[in-house]
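Residue-level listing of the chains:
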Amino acid sequence: MAFEQEIVALLPRLRRLARVLTRDATAADDLVQIAVERALTRRDQWRPGTRLDSWVMRIMKNAWIDETRSRARWGKVLHEEDAGVNVSDVTSDPAESMAIAQAMAKLPDEQRIAVALVLIDGLSYADAAEVLEIPPGTLNSRLVRGRMALMEMLDQ
Amino acid sequence: MSITDETLMAYVDGELSESERLKVDSAVAADTALQERLEKHRRFRARMGGTFANVLEEPVPERLLKAAKTTNVVPFPARRRAAPAWAAIAATLVVGVVAGLSVPRGPQPTIGSDLKAHGALAAALDNQLASSPARGAIVRVGLTFRSADGYCRTFTEKTVAGLACREGSNWKVRMAVAQDAAPTGDYRTAASETPSAILEAAQNLMVGDPLDAKAEAAAQKAGWR
């Protein structure tokens, strides 16, 4: 499949991951757009034969970290009670999704993204570690800590 | 034997080896409290997996589709299948001479010409592996793939980019397009991104996926046959 087509095929997954991270539909799509634009600009850095999804997610992860560090753009949505309640969320259980995303927002960024990649996007530990550019052991400890804290918060 | 939460999590994530999994299975079979804990982790994983699942079903906004189809590197040139009307001026303004090619300057790709690659270009196409580009090479190979008729490779040079396919023991340049030279004239930055017109042509010819490093090396070793 052509490069652009593969990126298009990834958009739904990228949008969901961004939605979990930002909890705001517009901010999430902004993040996806930045990631896609960066991916296309740097397409010659992607090595055919390696996984395109991991590569694009890594770009999106870096964009998210850049942006959340500056807190200039998405910082304000992190505390708002009404953030992220969208008409588009009505198809599944928006309250449940938002409760999970709000609990995740209380985790340190590195635990939140580890949980999002493995439990929500469904990546293997090895793939998630590759996206995050960390050793598998580090991924595992972030995942375990984030997950235990979340189970506590979500009372399960 | 005590089983940690970490192990139970890895179990429900499908990350345990066969032998580790069997150990958990037999421990769980003998211990209802442990079974309860495992169930808790299983439920949690299932619950998390549904988060914003609806987003996957949503139509993707137009602006993202547009972003995914536009390269910022070069403006998308109009595609022309017809023979370009460049022949008359070709003698005056040509680029790509270093690579052994003469391509008219301008945004329109030269298509389907019967140009045989020679010189530095032929050498790069014969020998260079896209997966390990030579530093400072004049011509850089981008993508290697199979078309219905054999191997094809994209290449970039300081002033020209193109697509060449193997025919017999030669590389025929199927398409070439002039590029603006890097203002510094630095060869390291000169072999820049492959223009979208070339990538699009490559995508149209491509059968399957581009070759990975191993397949590329094997094809090179076999003389691109």
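Residues numbered from 1 in each chain as written. Chains lettered and ligands numbered in written order. Predicted model: local features only at pLDDT ≥ 70, side-chain atom pairs only at ≥ 80, totals over all residues.

> Whenever I open this one, the overall build of chain A confuses me. Can you help?
Looking only at helices and strands, chain A features 7 helices and 0 strands. The helix and strand sequence of chain A, counted from the amino end, reads α-α-α-α-α-α-α. Burial analysis of chain A (156 residues in total) assigns 42% to the buried set. If you take every contact in chain A between residues at least 6 apart in sequence, the share linking residues at least 24 apart comes to 63%. (Helix = DSSP H or I, 4+ residues; strand = E, 2+ residues; numbered from the N terminus. Buried ≥ 20, exposed ≤ 12 C-beta atoms within 10 Å, placed from the backbone. Contact = placed C-beta atoms within 7 Å.)

> Mind showing me how you'd approach the environment of Gln203(B) here?
Within the secondary structure layout, Gln203(B) lies in helix H8 (residues 196-205). Sequence separation between Gln203(B) and Ser147(B) is 56 residues, and the spatial gap between their C-alpha atoms is 9.4 Å.

> Sorry if this is basic, but what is going on with the pairing of strand E6 (residues 160-167) of chain B here?
Consecutive side chains of a regular strand alternate in pointing toward one face of the sheet and then the other. Residues and elements named next belong to chain B. Here E6 lies mainly inside the structure; 7 of its 8 residues are buried. Relative to E6, strand E5 (residues 150-156) is paired through 5 bridges, and the arrangement is antiparallel. For Thr 154, the partnering residue across the bridge sits in E6 and is Leu 163. What sits between the antiparallel neighbours E5 and E6 is a turn of 3 residues. Strand direction decides the pairing type here: E6 and strand E7 (residues 170-178), joined by 8 bridges, are antiparallel. Across the sheet, residue Leu 163 finds its bridge partner in E7, namely Met 175. Remark: 2 residues form the turn of the hairpin made by E6 and E7, two consecutive strands paired antiparallel; Gly 168 in that turn has positive phi of roughly 65°. (Pairing = 2+ DSSP bridges.)

> Explain the interface of chain B and chain A here, please?
As a measure of interface size, the accessible area lost when the parts come together is often cited. Across the contact, 41 residues belong to chain B and 39 residues belong to chain A. Residue classes in the side of chain B that touches chain A are distributed as 17 nonpolar, 10 polar and 14 charged. (Nonpolar A, V, L, I, M, F, W, Y, C, P; charged D, E, K, R; others polar.)

> Would you explain helix H5 (residues 109-120) of chain A in this entry?
An α-helix turns once every 3.6 residues. As a result, residues three or four positions apart point the same way. All names here are of chain A. The end-to-end C-alpha separation of H5 is 15 Å, in line with the 16 Å expected for 12 residues at 1.5 Å each. Taken across its 12 residues, H5 has 10 buried, putting it largely inside the fold. All buried positions along H5 are accounted for by Gln 111, Arg 112, Ile 113, Ala 114, Val 115, Ala 116, Leu 117, Val 118, Leu 119 and Ile 120. Of the residues trailing H5, Gly 122 is marked for its positive phi of about 85°. (Expected span 1.5 Å × (residues − 1).)

> Even after reading the chapter, I still don't get the confidence of the model for chain A, so can you show me in this structure?
Regions with low pLDDT carry predicted coordinates that are not meant to be interpreted in detail. All names here are of chain A. Of the residues in chain A, 83% have a pLDDT of 70 or more, and the chain-wide mean is 84. Put simply, helix H3 (residues 52-70) is where chain A has its lowest mean pLDDT, 88, and helix H7 (residues 136-153) is where it has its highest, 96. Confidence over residues 72-91 falls short of pLDDT 50; this stretch has 28 contacts with residues more than four positions distant or in other chains. (pLDDT = per-residue confidence, 0-100.)

> What is the right way to look at the packing of helix H2 (residues 25-41) of chain A against helix H5 (residues 62-69) of chain B in this model?
Describing two packed helices takes the angle between their axes plus the distance from one axis to the other. Here H2(A) crosses H5(B) at 10°, and the two axes come no closer than 9 Å. Put simply, H2(A) runs roughly parallel to H5(B). Within the contact between the two elements, H2(A) uses Asp29(A), Val32(A), Gln33(A), Val36(A) and Glu37(A) and H5(B) uses Arg63(B), Leu64(B), Ala67(B) and Ala68(B). Partitioned by chemical class, the residues of the contact of H2(A) with H5(B) number 5 nonpolar, 1 polar and 3 charged. (Axes fitted to C-alpha atoms, helices over the stretch in contact; angles between N-to-C directions. Parallel < 35°, antiparallel > 145°, perpendicular 65-115°, else oblique.)

> Even after reading the chapter, I still don't get helix H1 (residues 3-22) of chain A, so can you show me in this structure?
Between its terminal C-alpha atoms H1(A) stretches 27 Å, which fits the 28 Å expected from 20 residues at 1.5 Å a residue. Counting buried positions over the 20 residues of H1(A) gives 14, a clear majority of the element.

> Where do I start with the nonpolar core in this structure?
In summary, soluble globular proteins display a tendency toward joint burial of nonpolar side chains. Residues and elements named next belong to chain A. Ranked by size, the top nonpolar core spans 51 residues in total, and within it Leu 31, Val 32, Ala 35 and Met 60 carry the most contacts. It is H2 that contributes the most residues to this core, 10 residues altogether. In this structure, Met 60 is in contact with Leu 14, Ala 18, Leu 31, Val 32 and Ala 35, ignoring residues within four places of it in sequence. (Core = buried A, V, L, I, M, F, W, Y, C linked by C-beta atoms within 7 Å.)

> Any chance you could explain unusual backbone geometry here in plain terms?
Trans peptide bonds make up the majority, and among non-glycine residues the majority have a negative phi. Residue and element names in this part refer to chain B. Phi angles above zero are rare outside glycine, and Phe 52 is one such case at about 50°. Considering the arrangement of structural elements, one finds Phe 52 in the loop between helix H3 (32-49) and helix H4 (53-57). The class of Phe 52 is buried, set by 29 C-beta atoms lying within 10 Å. Of note in this structure, Trp 224 is not a glycine but carries a positive phi near 60°.

> Please explain the confidence of the model for chain B as it appears in this structure.
All names here are of chain B. In this model, chain B carries a mean pLDDT of 75, and residues with pLDDT of at least 70 account for 71%. Per-element confidence in chain B ranges from a low mean pLDDT of 36 for helix H7 (residues 187-190) to a high of 95 for helix H1 (residues 5-12). Ignoring residues within four places in sequence, the model shows residues 72-94, a span with pLDDT below 50, making 29 contacts including any to other chains. Per-residue pLDDT stays below 50 along residues 182-191; that stretch engages in 16 contacts with residues further than four places along the chain or on separate chains. For this predicted complex, the interface score ipTM comes out at 0.81, while the overall pTM is 0.55.

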